[in-house]
Amino acid sequence: MCRVNFAKSCLFLAAISMSSMLSAEEHTIEQKDKAFVLSDQKIETFTVNVGDSISFKNQDPWFHNIFSLSDISTFDLGSYPKGEFRTVKFETPGEAEIECAIHPQMYLVVEVKE
Ligand SMILES: [Cu+2]
C-alpha cells in the first residue's frame, strides 16, 4: 500500500515538474501615462523566455498601438482603446523593440532568452 502511494506521488511530482518546464509564461505589461509600466514602475527593458507571451494592456483614456520592426519579431497589432489588450508571443531568441505608432516616446526592448 505504501509503495503504491509512493509511486503515485512520484508520478505526481514528475507531472508537475514537466508541466512547469513546458508551460510558457504569460506576462502583462500596462500602457500607462504613455509609457510601458510593470507594477507601477516605468520600464524600458523586459526579459522573457522563448515561448512566453506578453499582453500589452491599455490603461490610458486614449488609444495605443503596438508594433515591432525587429528581426526576431515583426508585427503591427493596430490601435485599441482603454481596457483592451493585445498579446504577442515571442518564439525567437534575441531582442525585440516594441513601439507605439501614436506615441513615439513609448519604447520597450524585450529580451527573449533561450
Ligand atoms: Cu501609445
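Up top is the structure.
Reading the values: rules and limits
Residues numbered from 1 in each chain as written. Predicted model: local features only at pLDDT ≥ 70, side-chain atom pairs only at ≥ 80, totals over all residues. Heavy atoms only, no water. Donors = N, O, S within 2.8 Å, 3.2 Å for Na, K, Ca; no water. Helix = DSSP H or I, 4+ residues; strand = E, 2+ residues; numbered from the N terminus. Buried < 20%, exposed > 50% of the residue type's maximum accessible area, 1.4 Å probe, protein only. Pairing = 2+ DSSP bridges.

**Points about the coordination of the copper ion**
The textbook angles at a metal center are 109.5 degrees for a tetrahedron of four donors and 90 or 180 degrees for an octahedron of six.
Thinking step 1. Around the copper ion, the protein supplies His64 (ND1), Cys100 (SG) and His103 (ND1) as donor atoms, at distances of 2.0 to 2.2 Å.
Thinking step 2. One chain supplies every donor to the copper ion, and in sequence these donors are spaced H-x35-C-x2-H. Here histidine 64 is found in strand β6 (residues 64-69), whereas its partner cysteine 100 is found in the loop between β9 (94-99) and β10 (107-113), with 36 residues between them in sequence. Each member of the pair, histidine 64 together with cysteine 100, is buried.

**Quick look at the sheet that holds strand β8 (residues 85-89)**
Thinking step 1. Taken in spatial order, the 5 strands of this open sheet run β3-β2-β1-β5-β8, and their pairing is mixed. Each of the sheet's edge strands pairs with one partner strand only, and the pair in question is β3 (41-42) and β8.
Thinking step 2. As defined by bridge partners, strand β1 (residues 26-32) adjoins strand β5 (residues 53-58) across 6 bridges and the pair is classed as parallel. Bridge pairing links glutamate 26 to serine 53 in β5.

**A short note on the pairing of strand β4 (residues 45-49)**
Thinking step 1. Only one face of β4 is covered, namely the one carrying Phe46 and Val48; the face carrying Thr45, Thr47 and Asn49 has none of its residues buried.
Thinking step 2. Two elements, β4 and β10, share 5 bridges in a ladder whose sense is parallel. When the sheet's bridge partners are listed, phenylalanine 46 is paired in β10 with valine 110.

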